[in-house]
Structures are given as C-alpha cells and as structure tokens.
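Below are the chains, spelled out letter by letter.
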Amino acid sequence: MACNLKVWLMVSFILLPLVFGVPQVPCLFFMGDSLFDNGNNNNLVTEAKANYPPYGIDFPQGPTGRFSNGKNMADFLAEYLGFGKPIPPFASTATDDQEILKGVNYASGAAGIRDETGYQLILYNKGARKIALFGLGLIGCIPAEIANYGANGCVDTVNKDVQLFNNGLDLLVNDLNRDLPDARFIYINVTEISSGDPSVFGITVTNAPCCIVSTTIARGQCAPNLVPCDNRSMYAFYDGFHPTQSAGELLAAGAYAYLPPLLL
C-alpha cells in the first residue's frame with residue numbers, strides 16, 4: 001500500500017461534530033461485511049445485496065448497495081476522520097485511478113471469518129500498520145434473531161456466544177500487538193458502544209425492522225419495492241439485521257470516540 005506505515009484499516013464483523021478539510025489520516029481502507037458494504041456485492045451472484053428500493057431511500061443517490069436507508073457506518077467513520085466524501089467501493093474503483101491510494105472499501109455482504117478467508121491478502125503483509133477490529137454487537141437483540149427464536153426480547157443464549165467471541169477477539173488483538181510491535185491494533189467493543197439507551201437520541205423502536213422484510217429469498221432483508229416506515233429515525237434496525245442510518249451514526253460515533261490518539 002502506498003501509505004505504508006500510516007495506512008488506516010477498519011475491519012467489521014456520542015454524536016460528534018463532523019470536521020472536513022484535511023483528513024486525520026492519509027488513507028482509509030475498510031474490510032468487513034454488510035455493515036460496511038457500500039456496493040461491492042451489486043454485480044455478484046448472491047442474495048446478499050441491497051441495490052434495490054427501499055434500501056437507500058434517504059441516501060442522495062438512492063439504492064447503492066448499502067444495507068441501510070441512508071449512510072452506513074463506513075460513511076460516518078470516513079466523515080469523522082475528515083474525508084469529504086465516502087470511501088468508494090472496490091467494485092467501482094479503477095485500479096489505475098490515483099484515488100485508490102486515498103482509500104477503498106472492500107467490505108462485502110455475507111463475508112466470512114474462517115481462517116482461510118482472504119489469507120492471501122493479509123490485514124499486515126500489504127503495509128497496514130494502524131488497524132481497528134470491530135467486535136460483534138448484541139446479535140441476540142436484532143429483529144431476525146428475535147423472530148427466529150420466537151422471543152419477546154433479546155435472545156440471551158446468542159448474546160452469551162457473542163461475549164465468548166468478543167473475549168477471544170480481545171485476546172487476539174493483544175497477541176497481535178505483542179507479536180507485531182511495529183503495528184498498532186485496537187479492539188472496538190461494539191457491545192459496549194451499543195449498550196446505552198438509544199432513546200436519548202430519539203431511537204425508541206429497537207426490536208422491529210423499519211422495512212417489510214422478505215420471508216423467502218434474502219430472508220430478513222427488505223422485501224423489494226415496499227414502502228418502509230415513515231419515522232425511520234426512531235428505528236434502530238432498517239431490516240432484520242442492519243442498523244438504520246440513525247443507529248449507524250451512533251455506532252460510528254462511539255467507535256470513533258473509542259480510538260486512542262495514537263491510532264490516528
């Protein structure tokens with residue numbers, strides 16, 4: 001990577017002022033799944049895509065592949081770091097374009113975490129030295145899991161598994177910092193960030209999706225071309241899995257506040 005030791009990499013699985021102008025880091029690369037995907041899956045043979053209405057209903061360009069009604073976490077994180085526009089998806093970035101040196105979003109809906117996934121393209125051998133790894137949020141509280149278990153609220157057994165995973169990820173980050181001393185890794189505790197009271201920010205519906213979700217193909221995602229709820233800023237989830245623009249902004253702001261100055 002051209003930015004070498006100063007590259008900033010966001011990996012996924014409170015409101016702050018937005019400051020544009022000179023970015024706080026020279027370049028920014030995202031890797032992750034549908035929480036960060038901004039169009040990489042649009043032309044893939046997969047059901048994990050969001051390039052149709054009602055996704056993007058509040059985004060200026062309409063449906064772009066973001067699994068949200070508007071901006072997603074990657075968009076807000078780029079804004080907080082001083083970038084004047086979203087980091088472009090890899091799928092629409094020409095390899096000979098100089099803009100690619102400023103950052104690319106590689107996130108892909110339904111991306112996995114198996115050891116062999118992307119092994120030939122490792123978070124460090126390409127020059128990344130400042131890396132944030134996002135833990136899992138409270139998956140047991142998303143509408144899809146609540147519906148799957150027929151629960152009245154959060155599914156505790158799922159959230160216990162989430163905690164086990166996050167504990168292991170935290171230990172992994174410690175190991176990486178020990179074994180790769182010329183790099184800086186940080187674990188972003190999404191569960192902690194998302195455990196506050198969202199009603200303080202006007203988000204009062206936390207257990208149901210804003211859009212009408214599909215029960216057949218792409219189950220849990222928004223059913224195509226159906227009108228979503230009117231009061232989208234009051235909902236935490238847009239579909240069965242993904243946060244609304246309002247919730248994504250809160251999560252991104254919390255993650256940004258979590259970053260130590262050394263990592264910027």
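Residues numbered from 1 in each chain as written. Predicted model: local features only at pLDDT ≥ 70, side-chain atom pairs only at ≥ 80, totals over all residues. Heavy atoms only, no water.

### A few points about the overall build of the chain
- In terms of helices and strands, the chain carries five helices and six strands.
- Ordered by position from the N terminus, the helices and strands of the chain form the series β-β-α-β-α-α-β-α-β-β-α.
- Taking all 264 residues of the chain together, 48% fall into the buried category.
- Of the roughly 13200 Å² that the chain leaves accessible, carbon and sulfur atoms contribute 57%. (Helix = DSSP H or I, 4+ residues; strand = E, 2+ residues; numbered from the N terminus. Buried < 20%, exposed > 50% of the residue type's maximum accessible area, 1.4 Å probe, protein only. Areas by Shrake-Rupley, 256 points an atom, 1.4 Å probe, with all protein chains shown as cover.)

### Details of the pairing of strand E3 (residues 130–134)
- With five of its five residues buried, E3 lies for the most part within the structure.
- Side chains of E3 alternate between two faces, with Lys130, Ala132 and Phe134 and Ile131 and Leu133 buried alike.

### Some points on the state of the cysteines
- Per the counting criterion, the structure on display carries three disulfides.
- Two residues, cysteine 210 and cysteine 229, share a disulfide whose sulfurs are 2.0 Å apart. Where cysteine 210 bonds to cysteine 229 through sulfur, the torsion about that S-S bond is close to -105°, and the disulfide is left-handed. Of the two residues, cysteine 210 sits in the loop between strand E5 (205–209) and strand E6 (235–237) while cysteine 229 sits in the loop between E5 and E6, which places them 19 residues apart along the sequence.
- Taking the relative accessible area as the measure of exposure, cysteine 229 reaches 12% and is therefore buried. (Disulfide = S-S within 2.5 Å.)

### Concerning the side chain of asparagine 42
- By secondary structure assignment, the location of asparagine 42 is in the loop between strand E2 (28–31) and helix H1 (73–80).
- Contacts of asparagine 42, omitting those with residues within four sequence positions, involve Lys49, Asn51, Thr64 and Gly65. (Contact = heavy atoms within 4.5 Å.)

### Let's talk about the pattern of salt bridges
- All chains considered together, the criterion is met by six salt bridges.
- Between aspartate 182 and arginine 129 there is a salt bridge, with its nearest N and O atoms 3.2 Å apart. Of this pair, aspartate 182 sits in the loop between helix H3 (156–179) and strand E4 (184–188) while arginine 129 sits in the loop between H1 and E3, and the two are 53 residues apart along the sequence.
- Accessibility expressed as a relative area gives 45% for aspartate 182, which makes it partly exposed.
- The closest approach of N and O atoms between arginine 178 and aspartate 175, which form a salt bridge, is 3.1 Å. With a gap of three residues between them, arginine 178 and aspartate 175 both fall in helix H3, about one helical turn apart. (Salt bridge = Lys/Arg side-chain N within 4 Å of Asp/Glu carboxyl O.)

### Comments concerning the packing of H1 against helix H5 (residues 245–258)
- Viewed as axis vectors pointing N to C, H1 and H5 meet at an angle of 45°, and their least axial separation amounts to 8 Å. Classified by the angle between their axes, H1 and H5 sit oblique to one another. The two elements H1 and H5 meet at a crossing, and its hand is right-handed. Residue-level inspection shows Met73, Phe76, Leu77 and Tyr80 of H1 in contact with H5, the latter providing Gln245, Gly248, Glu249, Leu251, Ala252, Ala253, Ala255 and Tyr256.
- Grouping the amino acids of the contact of H1 with H5 by side-chain chemistry returns nine nonpolar, two polar and one charged. (Axes fitted to C-alpha atoms, helices over the stretch in contact; angles between N-to-C directions. Parallel < 35°, antiparallel > 145°, perpendicular 65-115°, else oblique. Left-handed = near helix turned anticlockwise from the far one by under 90°. Nonpolar A, V, L, I, M, F, W, Y, C, P; charged D, E, K, R; others polar.)

### Some words on the environment of phenylalanine 59
- With respect to the helices and strands, phenylalanine 59 occurs in the loop between E2 and H1.
- Phenylalanine 59 gets classed as buried once you look at its relative accessible area, which sits at 11%.
- Remark: the alpha-carbon pair of phenylalanine 59 and asparagine 69, spanning ten residues in sequence, is separated by 6.8 Å.
- The contacts of phenylalanine 59, once residues within four sequence positions are left out, are Thr64, Arg66, Asn69, Gly70, Lys71 and Asp75.

### With respect to the packing of aromatic side chains
- Throughout the structure, instances matching the rule amount to eight aromatic pairs.
- Aromatic side chains phenylalanine 30 and phenylalanine 36 sit 5.4 Å apart centroid to centroid with 80° between the ring planes, which places their arrangement in the edge-to-face category.
- A relative accessible area of 0% means that phenylalanine 30 is categorised as buried.
- For phenylalanine 36, a relative accessible area of 0% translates into the label buried.
- Between the aromatic rings of tyrosine 80 and tyrosine 256, the centroid separation amounts to 5.7 Å while the plane-to-plane angle is 45°, which identifies the pairing as tilted. Each member of the pair tyrosine 80 and tyrosine 256 is classed as buried. (Phe/Tyr/Trp six-rings, centres within 6.5 Å; stacked < 30°, edge-to-face > 60°.)

### Some thoughts on unusual backbone geometry
- At the junction of proline 53 and proline 54, the peptide bond is cis and its omega measures out at 15° in the coordinates.
- Positionally, proline 54 belongs in the loop between E2 and H1.
- A positive phi angle is found at alanine 110, which is not glycine, with a value near 75°.
- Along the chain, alanine 110 turns up in the loop between H1 and E3.

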